[in-house]
Amino acid sequence: MDVILEIWDTYLADYVFAHAHPARSTASSYLDAYNMTASSWQYKPASAYIELEPSKYAFMSAWDRDNIVRQAISLWSITVIFGCLLYFIFASLSYYFVFNKDNKAHPKYLKNQISMEIRQSVESFPGMALLTTVFWLLEVRGHTKLYDTPADGPGMWYEFLQFPCFLIFTDALIYLIHRGLHHPLIYKHLHKPHHKWIMPTPFASHAFHPIDGFSQSFPYHLYPILFPLNKYASVALFVFVNFWTIMIHDGEYVADSPVINGAACHTMHHLYFNYNYGQYTTLWDRIGGSYRQPDADLFDKEKKMSAAQWKLQAQGVEKMTKQVEGNDDRVYEGSESKKSK
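Just so we're clear, the structure is a prediction, and the values are computed from it rather than from any experiment.

Turning our eyes to something else, we now look at the packing of helix α5 (residues 156-181) against helix α8 (residues 231-247). For any two helices packed against each other, one specifies the inter-axial angle together with the distance between the axes. Contact pair α5 / α8: the axes reach a minimum separation of 12 Å and the direction vectors enclose 45 degrees. Judged by the angle between their axes, α5 and α8 are oblique. Here α5 runs over α8; the crossing is right-handed. Between α5 and α8, the residues in contact are Gln162, Phe163, Phe166 and Leu167 and Ala233, Leu237, Phe240 and Val241, respectively. Counted by class, the contact of α5 with α8 contains 7 nonpolar, 1 polar and no charged residues.

If you want it as structure tokens, here you go:
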């Protein structure tokens, strides 16, 4: 994250902070202030691959680039802005090119669902970003095991091994956290908002309570605290994680795999609540006894949209909703979609 922060500072934040919170000086102009500043900050590239010479504005704020308050403001802003961009770009592409619009006729599709999914996501981003900023600060201030070049890491072999290690580690912890969020004492307070969407669209991918959304991302930040991770791999994995989260909500059941926890497995989770908590694989669900194999009909393009399949799903949803939530307070689309009693 330090490389992204350096780019942010160079092209935007230096100028903003120089004007919003300038260094105290008796100089008559910004140019004089640049020459007279007593700032002890010195530029050091965040990476051996990128060197961005700072402008005069980098030295003209009372908060230099190493100031923790400035870093927190910048990192929070970066997370909100680019988190929203990733969400809207990937979710929109998935919705327009992958998601089957016929799913809107499902008896458990909600009235005004997409607008509600987007609203909940946008309202949650600032809170999730605030919690995430704590861990970004640990990264940029050198309190993790992130490294820059292969020479700084365990070895060239690890440049490849770090990816499966990261996925296995985070998959295990997300399973435990996600399953914990379904505990009756926790579910209704934190995780229920995400289960509002029985038949989710890609826009439901980030529609969480802020604490829920952050808690399931916590393993991604814990990994580089405990284990080495290339800083560029970290950024790539952050993008991949967001893309994967959208993909498992797109309703396109491609991976009929006993290993991969794809959209079909995650649809089972949204329909029947207490199954398939894993993020990438079915391994931990199998070990924990919570794996539910997707119905074979989901992989048949005609049968998965059939009235018989939807009726079966609706009956299962109503049964699980009563068991997990009690009364169903959702408002479903269409005359046949009535609230469960």
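We now examine the packing of aromatic side chains. Under the defined criterion, the tally for this structure stands at 27 aromatic pairs. Relative to Tyr223, the ring of Phe169 lies with its centre 5.5 Å away and its plane at 65 degrees, an arrangement referred to as edge-to-face. Residue Phe169 is found in helix α5, and its partner Tyr223 is found in helix α7 (residues 210-226); the two are separated by 54 residues along the sequence. Pair check on accessibility: Phe169 and Tyr223 agree, each one buried. Taken together, the aromatic side chains of Tyr87, Phe88, Tyr95, Tyr96, Phe99, Phe125 and Phe203 make up a single cluster linked through ring pairs.

Further remarks concern the pattern of salt bridges. Considering all chains together, one arrives at 9 salt bridges under this definition. Asp9 serves as the salt-bridge partner of Arg70, at 3.2 Å between the closest nitrogen and oxygen. Placement of Arg70 in helix α3 (residues 68-97) and of Asp9 in helix α1 (residues 2-20) is noted, with a sequence separation of 61 residues between them. Residue classification places Arg70 among the buried positions, given a relative accessible area of 1%. Relative accessible area serves as the criterion here: at 4%, Asp9 is assigned to the buried category. Among the salt bridges present, the one from Asp329 reaches Lys192, with a minimum N-O distance of 3.8 Å. Taken together, the residues Asp329 in the segment after α11 (307-324) and Lys192 in the loop between α6 (184-191) and α7 connect sequence positions 137 residues apart. Look at Asp329 and you get exposed, because its relative accessible area is 53%. Among the charged side chains, a network of salt bridges with common partners joins Asp9, Asp14, Arg65 and Arg70.

All right, on to α1 then. The first and last C-alpha atoms of α1 sit only 22 Å apart over 19 residues, clearly below the 27 Å expected at 1.5 Å per residue. Asp9 marks where α1 bends most, by close to 60 degrees. Inspection of α1 places Val3, Leu5, Glu6, Trp8, Asp9, Thr10, Ala13, Asp14, Phe17 and Ala18 among the buried residues, and these make up the whole buried set.

The next subject is α11. Between the first and last C-alpha of α11 there are 25 Å, a value that for 18 residues agrees with the 26 Å anticipated at 1.5 Å per step. Looking only at α11, the buried set comprises Gln309, Trp310, Gln313, Ala314, Gly316, Val317, Met320 and Thr321. Along its buried surface, α11 packs onto α9 (263-272). Positive backbone phi, at 90 degrees, marks Gly326, one or two positions downstream of α11.

Of all residues in the protein chain, 93% attain a pLDDT of 70 or more, and the chain-wide mean is 90. By mean pLDDT, helix α2 (residues 30-36) is the weakest element of the protein chain at 49, and strand β2 (residues 229-230) is the strongest at 97. Scored below 50 in pLDDT, residues 335-341 makes 13 contacts in the model with residues more than four places away or belonging to other chains.

The rules we used
- Residues numbered from 1 in each chain as written.
- Predicted model: local features only at pLDDT ≥ 70, side-chain atom pairs only at ≥ 80, totals over all residues.
- Heavy atoms only, no water.
- Axes fitted to C-alpha atoms, helices over the stretch in contact; angles between N-to-C directions.
- Helix = DSSP H or I, 4+ residues; strand = E, 2+ residues; numbered from the N terminus.
- Parallel < 35°, antiparallel > 145°, perpendicular 65-115°, else oblique.
- Left-handed = near helix turned anticlockwise from the far one by under 90°.
- Contact = heavy atoms within 4.5 Å.
- Nonpolar A, V, L, I, M, F, W, Y, C, P; charged D, E, K, R; others polar.
- Phe/Tyr/Trp six-rings, centres within 6.5 Å; stacked < 30°, edge-to-face > 60°.
- Buried < 20%, exposed > 50% of the residue type's maximum accessible area, 1.4 Å probe, protein only.
- Salt bridge = Lys/Arg side-chain N within 4 Å of Asp/Glu carboxyl O.
- Expected span 1.5 Å × (residues − 1).
- Bend = angle between axes of the 7 residues up to and from the residue.
- pLDDT = per-residue confidence, 0-100.

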